[in-house]
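What follows is the residue order along each chain.
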Amino acid sequence: MILIARTDPDAPKHKGISYFLVDMKTPGISTRPLIDMMNNHGFNEVFFENARVPRDCLLGEENRGWYMATTTLDFERSSIGGAVGARKMLEELVAYTRNTRLNGHRLADEVRVRTRLADAGVEAELGRLLSYRVATLQARGQVPNYEASIAKLFNTDMQLRMAKSGMEIMGLYGQLDHRSRWVPLRGRFERQYLWQTGLAVGGGTTEIQKNIIAMRGLGLPRG
Ligand SMILES: Cc1cc2nc3c(=O)[nH]c(=O)nc-3n(C[C@H](O)[C@H](O)[C@H](O)COP(=O)(O)OP(=O)(O)OC[C@H]3O[C@@H](n4cnc5c(N)ncnc54)[C@H](O)[C@@H]3O)c2cc1C
């Protein structure tokens, strides 16, 4: 696991922190499962009790860990895979509305459904372009910074809106558990809705992304 620890208590806030790669089997490290609202165990609380980390676990330069951690986050949070997932969800939703009949007509023929699908289509395309921007920077050997925050913020919100649109188009069936035989599209939209809510926090909350965009993207002063 990645461990960021203070190694110089007298140094200023962002200095004196180091970046370690630690074996989870190290004595003194224990975990307790965190069960999320999808009833999944994807994350743990991690506890350190008198754990001693060998010097050779240090990654990079001692006391420069903060800068390495923020660079790691710049890569992690770009979330560009979300744009691909959104495209796939949109295609499945469009097919579902074409194949599902309600009150004698196809769902795809209802104006309210068409409008929502059109909005979702525009947003999925925007998410794709923002993700290309991040990928282009990386391909040039540059580190995406506020650009990654823009993509993360937009793609997270966009997928949440898409999941919500899907569930509303499906009506009450859309809210059924993914194990129900009556839930459309294997319950993917309900699952995605619950998952995306957490993603607005993971990798840095929405507020943190907005602060980065404001300060590093727009050059605004620290709030
Ligand atoms: C699905 C998921 C996956 C995760 N995966 C990982 C993982 O793999 N590895 C890992 O280490 N962690 C992971 N996390 C933890 C995640 O990174 C933190 O929960 C997240 O960064 C928020 O930190 P916090 O919980 O300490 O909240 P806090 O920082 O205490 O924030 C609490 C609230 O205050 C707001 N806030 C805080 N600071 C500011 C500010 N300066 N300006 C404005 N508002 C502010 C936040 O937006 C939030 O609403 C995950 C979390 C989730 C939900």
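Residues numbered from 1 in each chain as written. Predicted model: local features only at pLDDT ≥ 70, side-chain atom pairs only at ≥ 80, totals over all residues. Heavy atoms only, no water.

1. Details of the pairing of strand S3 (residues 29-35)
Of the pairings in the sheet, the one linking S3 to strand S4 (residues 41-48) comprises seven bridges and is antiparallel in character. Counted as the bridge partner of Ile35 is His41 from S4. Counting the residues in the hairpin turn of S3 and S4 gives five residues, including Asn39, whose phi is positive at 70°. (Pairing = 2+ DSSP bridges. Helix = DSSP H or I, 4+ residues; strand = E, 2+ residues; numbered from the N terminus.)

2. Let's talk about helix H1 (residues 65-76)
Given a rise of 1.5 Å per residue, 12 residues ought to cover 16 Å, and the 16 Å separating the end C-alpha atoms of H1 matches this to within 8%. Those residues of H1 not exposed but buried are Gly65, Ala69 and Asp74. Contacts made by the buried residues of H1 are with strand S1 (2-6), strand S2 (17-21), helix H4 (146-170) and helix H6 (206-217). (Expected span 1.5 Å × (residues − 1). Buried < 20%, exposed > 50% of the residue type's maximum accessible area, 1.4 Å probe, protein only. Contact = heavy atoms within 4.5 Å.)

3. With respect to the environment of Gly202
Within the fold, Gly202 resides in the loop between helix H5 (188-199) and H6. For Gly202, a relative accessible area of 35% translates into the label partly exposed. For Gly202 and Ile29, which are 173 residues apart along the polypeptide, the C-alpha to C-alpha distance reads 22 Å.

4. Observations concerning the site of the ligand
The immediate surroundings of the ligand are formed by Phe43, Gly198, Val201, Gly202, Gly203, Gly204, Thr205, Glu207, Ile208 and Asn211. Thr205 has a polar side-chain atom sitting 2.6 Å from an oxygen atom of the ligand. Asn211 places a side-chain nitrogen or oxygen 3.1 Å from a nitrogen atom of the ligand. Against a free-state accessible area of 970 Å², the protein chains account for coverage of 36% of the ligand. (Near = heavy atom within 4 Å. Polar contact = N/O pair within 3.5 Å; in protein donor to acceptor, adjacent residues only side chain to side chain. Areas by Shrake-Rupley, 256 points an atom, 1.4 Å probe, with all protein chains shown as cover.)

5. Regarding the pattern of salt bridges
Tallied over the full model, the rule gives 11 salt bridges. Each member of the salt-bridge network shares a partner with another, and the members are Glu92, Arg186 and Arg188. (Salt bridge = Lys/Arg side-chain N within 4 Å of Asp/Glu carboxyl O.)

6. So, the domain arrangement of the protein
One widely used convention gives an interface's size as the accessible area the parts lose upon coming together. Taken domain by domain, the protein holds domain 1 (2-63) and domain 2 (77-217). Each of domain 1 and domain 2 has a C-alpha centre, and the two are 32 Å apart. Counting residues at the interface gives four residues for domain 1 and four residues for domain 2. Around 460 Å² of area is buried between domain 1 and domain 2 when both sides are counted, 72% of it from carbon and sulfur atoms. (Domains from an automatic or database assignment. Buried area = accessible area lost by both parts, 1.4 Å probe.)

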